[in-house]
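Understanding the architecture of this molecule
Each chain, written out:
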Amino acid sequence: MAKHIMLLMSLMALSFSLLAFAFEPSPLQDFCVADSTSSARVNGQPCKNPALVQASDFSFSGLHLPGNTSNPNGSRVTAVSVAQLPGLNTLGISMVRIDYAPWGINPPHTHPRATEILTVLEGSLQVGFVTSNPDNSLITKTLQKGDVFVFPVGLVHFQRNVGTGNAVAIAALSSQNPGVITIANAVFGSKPGISNDILAKAFQVDKSVVDQLQAKF
């Protein structure tokens with residue numbers, strides 16, 4: 001019996017370890033600054049020679065600057081991922097600043113590799129996410145300055161400025177490279193485009209409606 005218990009505990013420990021590594025593994029050294037000049041192909045970024053690492057590899061400047069929201073969505077995301085901050089490589093974290101014009105939106109999108117936790121710095125935001133099939137429940141709330149909201153990994157979510165002035169939020173994500181899939185862009189703006197008869201059937205609309213939407217992306 002004792003052997004069976006020990007075996008079960010070992011299998012459980014192995015399962016939890018595999019679950020943890022299903023996202024981003026813990027680093028095996030103090031740091032692994034991304035080397036953008038390397039041609040090596042790895043899951044992530046190859047490491048820069050530690051002897052060549054500088055403080056600038058761990059710093060980024062610019063999040064104090066408002067993003068340009070003069071676009072159809074009325075928002076701008078300023079990302080700080082491994083592409084902008086090489087020192088994030090293997091550390092499993094990144095962040096963004098999001099600026100919103102009055103009634104601007106960060107349209108429905110997903111992060112395939114990260115959970116997101118958002119804090120409102122200025123203004124009022126309606127935020128929400130949709131649960132997976134078959135329920136597709138909308139979880140939504142209006143946030144004020146200082147409020148925090150979390151978007152679970154992989155779920156479709158959005159934000160909208162519901163105030164009369166500009167709004168600003170900052171968010172942390174649980175990946176050095178969380179990825180983003182904006183639903184409208186992916187569905188109607190893919191290259192090459194998804195056949196309009198497929199989209200017409202999926203959205204239960206006329207093909208001409210799909211053609212109009214695809215022309216916008």
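Worth saying up front: this structure is predicted, and the values here are computed from it rather than measured.

On to the nonpolar core. Y100, L118, L125, V127, L143, F149 and F151 are the most contacted members of the largest nonpolar core, which has 17 residues in total. Mapped onto this core, the elements with two or more residues apiece are β2 (94-100), β4 (116-122), β5 (125-130), β7 (148-151) and β9 (167-173). Considering every element that reaches this core, the biggest residue donor is β9, with four residues. Each residue touching L125, except ones within four places of it in the same chain, is listed here: Y100, L118, V120, K141, T142, L143, R160, N161, V162, A167 and A169. Core analysis: the second largest hydrophobic core is formed by five residues, V187, F188, L199 and V210 among them.

Turning next to the packing of helix α3 (residues 196-203) against helix α4 (residues 207-216). Orientation of α3 relative to α4, taken along the N-to-C sense of each, is 110°, at an axis distance of 8 Å. It follows that α3 is roughly perpendicular to α4 by the angle criterion. By crossing handedness, the relation of α3 to α4 is classed as right-handed. For the pair α3 and α4, the contacting residues are N196, D197, L199 and A200 in the first and K207, V210, D211 and Q214 in the second. Partitioned by chemical class, the residues of the contact of α3 with α4 number three nonpolar, two polar and three charged.

Okay, the UniProt feature "binding site: Mn(2+)" (unreviewed entry) in the protein chain next. In this structure's numbering, the residues bearing the UniProt feature "binding site: Mn(2+)" (unreviewed entry) are H109, H111, E116 and H157. With the annotated positions falling across 49 residues, the maximum pairwise C-alpha distance of 11.8 Å places them together in a single cluster. With residues up to four places along the chain from it excluded, the contact list for H109 reads E116, L155, V156, H157, Q159, V180, I181, T182 and I183. Looking at H109, its side chain comes within polar contact range of the main-chain oxygen of P107, at 2.6 Å. Topologically, E116 is positioned in strand β4. A polar contact of 3.0 Å, which involves the side chain of E116, links it to the side chain of H111.

Once that is clear, we can look at the UniProt feature "binding site: oxalate" (unreviewed entry) in the protein chain. According to UniProt, the "binding site: oxalate" (unreviewed entry) feature falls on N106, H111 and E116. For N106, the position within the fold is in strand β3 (residues 105-110). For N106, a relative accessible area of 9% corresponds to the buried category. Leaving out residues up to four positions away in the same chain, N106 has contacts with S75, V77, I98, Y100, F158 and Q159. Given a relative accessible area of 9%, H111 falls into the buried group. Discounting residues that sit within four places of it in the chain, H111 has contacts with E116, V153, G154, H157, L173, P178, G179 and V180.

Cut-offs and rules
- Residues numbered from 1 in each chain as written.
- Predicted model: local features only at pLDDT ≥ 70, side-chain atom pairs only at ≥ 80, totals over all residues.
- Heavy atoms only, no water.
- Core = buried A, V, L, I, M, F, W, Y, C linked by side-chain atoms within 4.5 Å.
- Buried < 20%, exposed > 50% of the residue type's maximum accessible area, 1.4 Å probe, protein only.
- Helix = DSSP H or I, 4+ residues; strand = E, 2+ residues; numbered from the N terminus.
- Contact = heavy atoms within 4.5 Å.
- Axes fitted to C-alpha atoms, helices over the stretch in contact; angles between N-to-C directions.
- Parallel < 35°, antiparallel > 145°, perpendicular 65-115°, else oblique.
- Left-handed = near helix turned anticlockwise from the far one by under 90°.
- Nonpolar A, V, L, I, M, F, W, Y, C, P; charged D, E, K, R; others polar.
- UniProt positions renumbered as here; feature names shortened; annotations may be inferred.
- Polar contact = N/O pair within 3.5 Å; in protein donor to acceptor, adjacent residues only side chain to side chain.

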